[in-house]
Amino acid sequence: MLRRIPKKRALAAVAAVMGIAVWQAPSASASVPLQYTTHRYVGSAVAAQYLASEPDYRAVLTREFDNVTPENEMKWGTVEAVRGQPDWSGADAIVEYAQRTHKTVRGHTLVWHSQLPDWVSALPAAELRQVLRDHITTEVKRYKGKIRAWDVVNEIFNEDGTRRDTVFHQKLGDGFVADVFRWAHAADPAAKLYINDYNIEGINPKSDAVYDLVKTLRRQGVPIDGVGIQAHLSIQYGFPAQFRENLTRFAKLGVQTAITEADVRIPTPPDAAKLATQADYFGRLWDGCHAVSRCVEFTTWGFTDRHSWVPDVFPGEGAACLFDENLHPKPAYFRINP
Ligand code: 9MR
């Protein structure tokens, strides 16, 4: 991360030398797009569908962010819903867009119990192991050199810190985690490999379990580079306790951290007070990440309330993103990009 130059300053310097005016954003947004205000990668989840069909969505994404994470397009259930009939169309489109617009890509996700095709769940252990290895190798090699970081395993712990009871855990045992990191590393040695989860923003039994696992894997020489902290927050439940301390303890293990899926949902309808609390939460996530040098990325789970997973899953809650449905920046945006 530290290899990155402060883009805002660099651009201004280049513009001054060349005697050209620096591009000005429309008055509804801050004068400097978010991506140029920070040394961190700043990203959003993206849906290939809207990227193709909504020019205004694409324009804001292109302007504000320098990382994209495919929201669903790289999941097993998307890329091989039917055995032997791969569909890379959505993932390819996003990776091509990222290359064209000079953005990095966070690959999401190689091993997850959700959005897992039934045919995979039904396999006996030995075959599951082989198929899992092939899936990881094929997907990681397909995008080799084009993915900065991969969410290799997603959501493998319960809230109490025990392992989630998934088909991978049941059939392959705890050791599948070390295996999948090794396979991913063999397929693209340069990609940063992450474990990713929610409710691990603060210090609690679940983040303790992630911490212990990462420590063990590093001691064993398993190629794990980072911890993805999803940060799906709600203003109803308070800001997670000891967020910075948590980032710091991972940094001391020698791994990166990334905020991978930030959003802050509010009971609808939004009002000024709720939006102010939301802005405060986003601000604390942003500031916490910037306080720890190994926190290298701040990615939000979508950027506009027009398209967000929240209302479908939490009836009565929503408005969780930095931009409203009309793509106007909200108070949370101006909190992190004043
Ligand atoms: O936003 C994603 C939504 O469109 C999908 O239907 C859902 C399927 O479970 O996954 C959502 O993204 C999840 C992400 O992949 C992992 N962390 C939690 C996210 C929100 O559920």
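In what follows, the structure referred to is the one given above.
Cut-offs used in this document
- Residues numbered from 1 in each chain as written.
- Predicted model: local features only at pLDDT ≥ 70, side-chain atom pairs only at ≥ 80, totals over all residues.
- Heavy atoms only, no water.
- Helix = DSSP H or I, 4+ residues; strand = E, 2+ residues; numbered from the N terminus.
- Buried < 20%, exposed > 50% of the residue type's maximum accessible area, 1.4 Å probe, protein only.
- Contact = heavy atoms within 4.5 Å.
- Polar contact = N/O pair within 3.5 Å; in protein donor to acceptor, adjacent residues only side chain to side chain.
- Core = buried A, V, L, I, M, F, W, Y, C linked by side-chain atoms within 4.5 Å.
- Near = heavy atom within 4 Å.
- Nonpolar A, V, L, I, M, F, W, Y, C, P; charged D, E, K, R; others polar.
- Phe/Tyr/Trp six-rings, centres within 6.5 Å; stacked < 30°, edge-to-face > 60°.
- Lys NZ or Arg CZ within 6 Å of the ring centre and 35° of its normal.
- Lys, Arg positive; Asp, Glu negative; His and termini not counted.
- Salt bridge = Lys/Arg side-chain N within 4 Å of Asp/Glu carboxyl O.
- Axes fitted to C-alpha atoms, helices over the stretch in contact; angles between N-to-C directions.
- Left-handed = near helix turned anticlockwise from the far one by under 90°.
- Disulfide = S-S within 2.5 Å.

Draft legend 1. View of the environment of Glu159. Among the structural elements, Glu159 can be located in the loop between β4 (149-154) and α8 (167-172). On the accessibility criterion, Glu159 (42% relative accessible area) is partly exposed. Put simply, Glu159 and Tyr198 are 39 residues apart on the chain and 9.4 Å apart in space, counted from C-alpha to C-alpha. Once residues within four sequence positions are removed from consideration, Glu159 is found in contact with Tyr198, Asn199, Pro205 and Lys206. At 2.7 Å, the side chain of Glu159 forms a polar contact with the side chain of Lys206.

Draft legend 2. Geometry of the nonpolar core. By size, the foremost hydrophobic cluster in this structure holds 95 residues, and its most contacted members are Val180, Phe181 and Ile195. With eight residues, helix α9 (residues 176-187) is the single largest residue contributor to this core. Look past the residues within four positions of Ile195 in its chain and what remains in contact with it is Val153, Ile156, Phe157, Phe181, Val210, Leu213, Val214, Ile224, Gly226, Val227 and Gly228.

Draft legend 3. Spatial organisation of the site of the ligand. As a matter of local geometry, the ligand sits amid 14 residues, with Glu71, Lys75, His108, Glu155 and Glu261 nearest to it. Contacts to the ligand include Glu71, whose side-chain N or O atom sits 2.4 Å from an oxygen atom. Within the side chain of His108, one N or O atom sits 2.7 Å away from an oxygen atom of the ligand. Looking at side-chain class alone, the shell around the ligand contains three nonpolar, seven polar and four charged residues.

Draft legend 4. Summary view of the packing of aromatic side chains. Across all of its chains, the model carries 14 aromatic pairs by this definition. Judged by centre distance (5.8 Å) and plane angle (65°), the rings of Tyr50 and Tyr57 are edge-to-face. Taking 5.0 Å as the distance between ring centres and 80° as the angle between the ring planes, the aromatic pair formed by Trp286 and Phe298 counts as edge-to-face. Placement of Trp286 in helix α12 (residues 272-290) and of Phe298 in strand β9 (residues 295-300) is noted, with a sequence separation of twelve residues between them. In this structure, Trp286 and Phe298 share a single accessibility class: buried. Taken together, the ring pairs in this structure connect Tyr50, Tyr57, Phe65, Phe303, Phe323, Tyr333 and Phe334 into an aromatic cluster. If you follow Arg106 out to its NZ or CZ, it ends over the ring of Tyr194, 4.1 Å from the centre.

Draft legend 5. Looking closely at the side chain of Arg40. Checked against the element boundaries, Arg40 lands in the loop between α1 (7-18) and β1 (41-46). Buried charge Arg40 goes without a salt bridge, the closest partner of opposite sign being Asp287 at 10 Å.

Draft legend 6. View of unusual backbone geometry. For the bond from His108 to Thr109, the omega torsion is -10°, close enough to zero to count as cis. One can find Thr109 in strand β3 (residues 104-111). Phi is positive for Gln242, close to 60°, though the residue is something other than glycine. Relative to the assigned elements, Gln242 resides in the loop between β7 (232-234) and α11 (243-252). Positive phi values are uncommon outside glycine, yet Leu327 reaches one of about 70°. With respect to the element layout, Leu327 can be found in the loop between β10 (317-318) and α14 (331-336). Overall, the relative accessible area of 9% leaves Leu327 in the buried class.

Draft legend 7. The arrangement of the packing of helix α7 (residues 125-142) against α9 in detail. Where α7 meets α9, the closest approach of the two axes is 8 Å, and the angle between their N-to-C directions is 35°. Two packed elements cross with a definite hand, and for α7 against α9 that hand is right-handed. Side by side, α7 and α9 meet where Arg129, Leu132, Arg133, Ile136, Thr137, Val140 and Lys141 of the first sit next to Asp179, Val180, Trp183, Ala184 and Ala187 of the second. In the contact of α7 with α9, the residues fall into seven nonpolar, one polar and four charged.

Draft legend 8. Up close: the state of the cysteines. Throughout the structure, instances matching the rule amount to one disulfide. Disulfide pairing places Cys289 opposite Cys295 at an S-S distance of 2.1 Å. Taking the sign of the S-S torsion, about -100° here, the bridge from Cys289 to Cys295 comes out left-handed. Each member of the pair Cys289 and Cys295 is classed as buried. Cysteine Cys321 remains unbridged, with the sulfur of Cys289 as its closest cysteine sulfur at 18 Å.

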